[in-house]
Amino acid sequence: MSGRKELEGMEHVLRPLVVIGGTVALTLAVGWLVDRVLHGADRRHPETPLWGLLRNCQVPLQVVLASGALQASYDWSGLETGKEVLIKNLLALVTVGSLVWLAVRIATAIAETSLARFAATTRDPARVRRFRTQLTMVRRVVTFVLATIAAAIAILILFPDLRTLGASMLASAGVIGIVAGVAAQSMLGNLFAGLQIAFGSSVKIGDTVVVDGEWGTVEEISLAFLTVRIWDDRRLTMPVSYFNSKPYENWSRGGPQVTCTVYLHLDHATPVQALRERLREVLEDRDDWDRRSWSLVVTGTTPTTIEVRAAMSAANTDDWWTLQCGVREELLTWIQREHPYALPRVATAPAAVAPRVPRPAGPPEIPGTAEPLPQDGAG
């Protein structure tokens, strides 16, 4: 009898260990095998990054297989803790969460592959940025929907009594939808504004914009916010609804080419033609000028100075900034060295006094006044 009891005791210990350990080992082996298959496919097809990106799904796949297998084999394990229902519910929650994790990883791999293929076949960078923005927004929407569904399933698993309550809630879904819409008006407004921006192409990831007086590049577009990386590496985060309700400058709309201007205030004696020739020489020696157009004209005048505008084209906003600063420095250096008299001057001497003009003689007085006109020959 004692030997039988010892065997039963060992079975109660070894059986759960064998079932649980075997299940975990089997899932790890399946995950490793899938990773090896994807690695081989990635080496055979280097033209597409899909198989390499799908290798990132190994961990969530193993978690899905492990949690699902443990849940299915729990009754066979013979493990008696008195909390079987709680353990099964926790395993079900892990399975649901890992399924969402796996789906997000797969969607990300498909989106990155689609973007890489589109970028390889499209020479227009604006279309590539537009497609990237749309893919990012769709991926975020899919992630949000999957997370919402997973949260609802988790609540139903943890609280089974809510299943009967859910049927009665469907009858009043219209009223709940109205209340939720009013309560989340701002959030829903940003959500629809984000979708409108993604598919309306008013602004895309990588566009150069001027927002609220700040110049920068659109770095990220989410469901609710848009992040602009300013030229000094600061980040300006704004609600996406801002771009549908207020004006802003998009320098990348219609193409990345821009025209930069340099304004100089000089003396009236400035040799404008020589300055124009100097601008042409400076531009021909610079790589950040795209050779499309350039000009130098006098755009204004004051009693003491003239305003000269130098305009030149650049291929993108990065070249725009360096070209503008470089041309300004070259022209000022040339004027100081070759024509210093052309620099504006401020008069510091006292102003000259105007000469006194003698008062002209008045007309003769009319007879009958206090002093009569002198007669001819009168002494």
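In case you missed it, the structure is sitting above this.
Residues numbered from 1 in each chain as written. Predicted model: local features only at pLDDT ≥ 70, side-chain atom pairs only at ≥ 80, totals over all residues. Heavy atoms only, no water.

A. Spotlight on the packing of aromatic side chains. Scanning the entire structure with this criterion turns up two aromatic pairs. Where Trp 215 meets Trp 320, the ring centres are 5.8 Å apart and the plane angle is 35 degrees; that geometry is what we call tilted. With Trp 215 in strand E2 (residues 214–221) and Trp 320 in helix H11 (residues 317–338), this pair connects stretches of sequence that are 105 residues apart. Here the aromatic cluster, defined as three or more aromatic residues joined through ring pairs, consists of Trp 215, Trp 320 and Trp 321. (Phe/Tyr/Trp six-rings, centres within 6.5 Å; stacked < 30°, edge-to-face > 60°. Helix = DSSP H or I, 4+ residues; strand = E, 2+ residues; numbered from the N terminus.)

B. Inspection of a nonpolar patch on the surface at higher detail. Taken together, the side chains of Phe 144, Val 145, Ile 149 and Ile 153 define a hydrophobic patch exposed on the protein surface, amounting to about 340 Å² of accessible area. Structurally, the position occupied by Ile 153 is in helix H5 (residues 125–158). (Patch = residues over 30% accessible without salt bridge, like charges linked within 9 Å, V, L, I, M, F, W, Y side chains within 5 Å. Areas by Shrake-Rupley, 256 points an atom, 1.4 Å probe, with all protein chains shown as cover. Salt bridge = Lys/Arg side-chain N within 4 Å of Asp/Glu carboxyl O.)

C. How the structure looks around the sheet that holds strand E6 (residues 258–266). A sheet is described by the order of its strands in space; here three strands give the open sequence E6-E8-E7, paired in antiparallel fashion. On the outer flanks of this sheet lie E6 and strand E7 (294–301), each paired with one strand and no other. On average, adjacent strands in this sheet sit at an angle of 25 degrees to one another, irrespective of strand direction. Here E7 pairs with strand E8 (residues 306–314) via seven bridges, running antiparallel. Counterpart to Val 298 in the pairing with E8 is Val 308. (Pairing = 2+ DSSP bridges. Axes fitted to C-alpha atoms, helices over the stretch in contact; angles between N-to-C directions.)

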